Amino acid sequence: MPIAKSQPHGVSRKSFPTKETGPSNPQLRRRLRAWYRRNARDLPWRRTADPYAIWISEIMLQQTTVAAVIPYYQRFLAKFPDIQSLAAADQQQVLRLWEGLGYYRRARQLHTAAQVIASQHGGEFPSEFDKILTLPGIGRYTAGAIASFAYDQRQPIVEANTARLYARLLALKLPLTSSAAQEALWGLAQAIVPARKPGEFNQALIELGATICTPRDPQCEQCPLIADCQAHRRGWQNKIPVPAKKPVIEDVTETAVAICANGRWLLIQRAADERWAGMWDFPRVKTPSHEQQQGNVLVADSQSHRAADIRTELHQRLGVTVRSLDEFVTIRHTVTRFRITLNCLQAEARLRQVAHPARWFDLPEMVDLPLTTPARRIAKKLA
DNA sequence: AACTCGTGGAC
DNA sequence: TGTCCAAGAGT
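Just so it is clear, the model here is predicted, and its values are computed rather than measured.

Caption draft 1: Focus on unusual backbone geometry. The step from Ile240 to Pro241 runs through a cis peptide bond, and the omega angle for that step is 0°. Following the sequence through the fold, Pro241 ends up in the loop between α12 (230–234) and β1 (249–261). We note that Trp276 has phi near 60°; this positive angle belongs to a residue other than glycine.

Caption draft 2: View of the pattern of salt bridges. Counted according to the given criterion, the structure contains 18 salt bridges. With a shortest N-O distance of 3.6 Å, Arg306 and Asp309 are connected by a salt bridge. Here Asp309 falls in the partly exposed class, since its relative accessible area comes to 33%. When salt bridges that share partners are traced, they join Glu254, Arg270, Glu274, Asp281, Arg284 and Lys286 into one network.

Caption draft 3: Structural detail: the layout of surface pockets. In this model, the largest pocket occupies a volume close to 1300 Å³. Looking at the lining of the largest pocket, the elements that each hand over two or more residues are α2 (51–61), α3 (66–79), α8 (140–151), α9 (160–170), α10 (179–192) and α11 (198–211). Per element, the largest residue contribution to the lining of the largest pocket is 5 residues, and it comes from α9. Each residue belonging to the lining of the largest pocket can be placed in one class, and the counts come to 21 nonpolar, 12 polar and 10 charged. Along its surface, the second largest pocket is lined by 21 residues, and Gly102, Tyr103, Tyr104, Arg105 and Thr336 are the ones closest to its centre. At the level of secondary structure, the elements contributing two or more residues to the lining of the second largest pocket comprise α6 (105–120) and β7 (326–335). Per-element tally for the lining of the second largest pocket: the top contributor is α6, with 4 residues. Among the residues forming the lining of the second largest pocket, the class breakdown is 6 nonpolar, 10 polar and 5 charged. Split by domain, the lining of the second largest pocket shows at least three residues from each of two domains, domain 1 (13–234) and domain 2 (249–382).

Caption draft 4: Geometry of the protein's contact with DNA strand B. Neighbouring residues of DNA strand B: 17 residues in total, closest Tyr103, Tyr104, Ser179, His333 and Thr373. Take Ser179: an N or O atom from its side chain is 2.7 Å from a phosphate oxygen of DNA strand B. Within the side chain of Arg337, one N or O atom sits 2.9 Å away from a phosphate oxygen of DNA strand B. Residue classes in the surface near DNA strand B are distributed as 5 nonpolar, 9 polar and 3 charged.

Caption draft 5: Local environment of the protein's contact with DNA strand C. Among the 24 residues in the neighbourhood of DNA strand C, the closest are listed as Gln63, Gly137, Thr142, Glu159 and Asn161. Gly137 has a polar backbone atom sitting 2.5 Å from a phosphate oxygen of DNA strand C. Thr142 places a polar side-chain atom, nitrogen or oxygen, 2.7 Å from a phosphate oxygen of DNA strand C. Among the elements of the structure, α2, α6, α8, α9 and α11 are those that each provide at least two residues to the surface near DNA strand C. When the residues that make up the surface near DNA strand C are grouped by side-chain class, the tally is 8 nonpolar, 8 polar and 8 charged.

Caption draft 6: Representation of empty space enclosed by the protein. Enumeration according to the criterion identifies 1 cavity of 30 Å³ or more in this entry. Quantified by volume, the largest cavity comes out at close to 100 Å³. Arg168, Cys213, Cys220, Cys223 and Cys229 are, among the 14 residues lining the largest cavity, the residues nearest its centre. Here the lining of the largest cavity takes 3 residues from α9, the largest share from any one element. Split by residue class, the lining of the largest cavity holds 10 nonpolar, 3 polar and 1 charged.

Caption draft 7: Layout of the nonpolar core. Grouped together as the largest cluster of nonpolar side chains are 99 residues, with contacts concentrated most on Trp55, Ile56 and Phe76. With 8 residues, the top contributor of residues to this core is α2. When residues of this core are sorted by domain, at least three fall in each of domain 1 (13–234) and domain 2 (249–382). Discounting residues that sit within four places of it in the chain, Trp55 has contacts with Leu110, Ala113, Ala114, Ile117, Phe125, Ile138 and Ile146. Within the second largest apolar cluster, 18 residues are counted, among which are Val285, Val320, Ala347 and Ala358.

Caption draft 8: Fine view of the side chain of Glu58. Within the fold, Glu58 resides in helix α2. Among buried charged residues, Glu58 stands out as having no salt bridge; its nearest opposite-charge side chain is Arg46, 8.3 Å away. Among the polar contacts listed, one links the side chain of Glu58 to the side chain of Tyr141, at a separation of 2.8 Å. Ignoring any residue separated from it by four or fewer positions in sequence, one finds Glu58 in contact with Tyr141, Thr142, Ala145, Ile146 and Phe149.

Conventions we followed
Residues numbered from 1 in each chain as written. Chains lettered and ligands numbered in written order. Predicted model: local features only at pLDDT ≥ 70, side-chain atom pairs only at ≥ 80, totals over all residues. Heavy atoms only, no water. Helix = DSSP H or I, 4+ residues; strand = E, 2+ residues; numbered from the N terminus. Salt bridge = Lys/Arg side-chain N within 4 Å of Asp/Glu carboxyl O. Buried < 20%, exposed > 50% of the residue type's maximum accessible area, 1.4 Å probe, protein only. 1 Å grid on protein atoms, 1.4 Å probe; cavity = no way out; pocket = protein on both sides within 12 Å on 5 of 7 lines; lining within 4 Å. Points joined across faces, edges and corners; volume = space filled by probe spheres on them. Nonpolar A, V, L, I, M, F, W, Y, C, P; charged D, E, K, R; others polar. Domains from an automatic or database assignment. Near = heavy atom within 4 Å. Polar contact = N/O pair within 3.5 Å; in protein donor to acceptor, adjacent residues only side chain to side chain. Core = buried A, V, L, I, M, F, W, Y, C linked by side-chain atoms within 4.5 Å. Contact = heavy atoms within 4.5 Å. Lys, Arg positive; Asp, Glu negative; His and termini not counted.

See the structure below:
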């Protein structure tokens with residue numbers, strides 16, 4: 001469970017360690033607001049006060065760039081303009097609209113949350129911070145964002161842009177993911193958010209982090225807070241925040257088989273406990289490999305999978321007898337900690353009964369399904 | 001506290 | 001080609 005709900009009125013100005021130029025300096029806030037009024041980008045979710053629309057945008061924006069989100073946001077709101085329409089939708093439609101955006105749990109929880117709001121909040125998005133925070137997929141940041149943007153409540157926010165900005169203002173040398181750093185960042189966020197128009201002010205903080213206080217080569221000369229920045233004062237703006245250590249990437253080779261029978265294709269629905277849960281994929285078989293670590297990468301040296309083995313496994317798992325087995329395409333796909341080389345084969349089979357999670361689809365049906373990213377690429381080549 | 005979960009753009 | 005990174009949440 002999330003911790004330490006913020007206390008909007010619990011922190012006095014004097015309680016935060018501050019100098020003349022500290023975060024409680026009203027000049028700082030005035031400069032930031034003035035800068036924002038001149039430099040704010042015109043983003044779709046800044047044109048609305050609808051908490052539903054703002055909610056959708058915040059979920060989509062989690063770990064996702066603005067440019068990637070915009071077309072998804074437009075399509076999603078066109079299809080599901082309100083909580084009721086989303087709550088009434090079936091999950092496959094929601095996933096289809098989310099396809100390509102990644103982190104699909106967001107879509108499933110968004111859908112669940114809409115149903116919770118419909119059944120438990122009278123269909124109206126809750127305005128109380130603690131109630132917002134209880135909804136699935138909404139954590140401390142997103143609850144604060146919705147509360148401040150949609151309801152203009154004084155709530156602090158810490159996300160990628162603001163975390164970097166705060167870390168530089170404080171010359172914070174800790175990794176941002178550490179609990180000590182998180183405490184400092186939320187402390188500053190709480191101290192800096194004003195009582196007047198906190199939503200606009202939080203947007204201004206994000207905007208400054210996104211466009212001026214960038215990860216690399218920040219444009220300090222254009223920053224309205226240059227005089228308040230401890231990192232700039234010490235010339236550390238390129239050393240803060242300190243990089244986190246990167247996880248080992250594993251190299252994986254798999255074989256996918258596009259099996260056709262009488263114009264229908266065999267797809268598998270991914271299980272709830274695996275990647276791309278609920279989405280459809282071409283059947284895959286593991287390619288035997290011998291992993292070996294090279295530097296920071298686990299490399300799989302894999303001999304090409306024998307056709308006879310693939311045929312046997314498909315028969316055992318799906319009860320399908322494959323006749324031909326031809327090379328099709330190879331897709332390289334990088335996911336969180338894996339670099340997947342997907343050898344795709346094309347095959348023909350007899351149309352036979354298959355049991356869940358497998359199913360046959362004709363081409364028009366297939367293109368309407370929520371497909372995994374590699375499966376979508378394959379489907380496009382088949383069409 | 002460390003992992004998991006995706007994808008595409010910038011450099 | 002590789003590396004970094006994004007309006008995080010859940011476990």
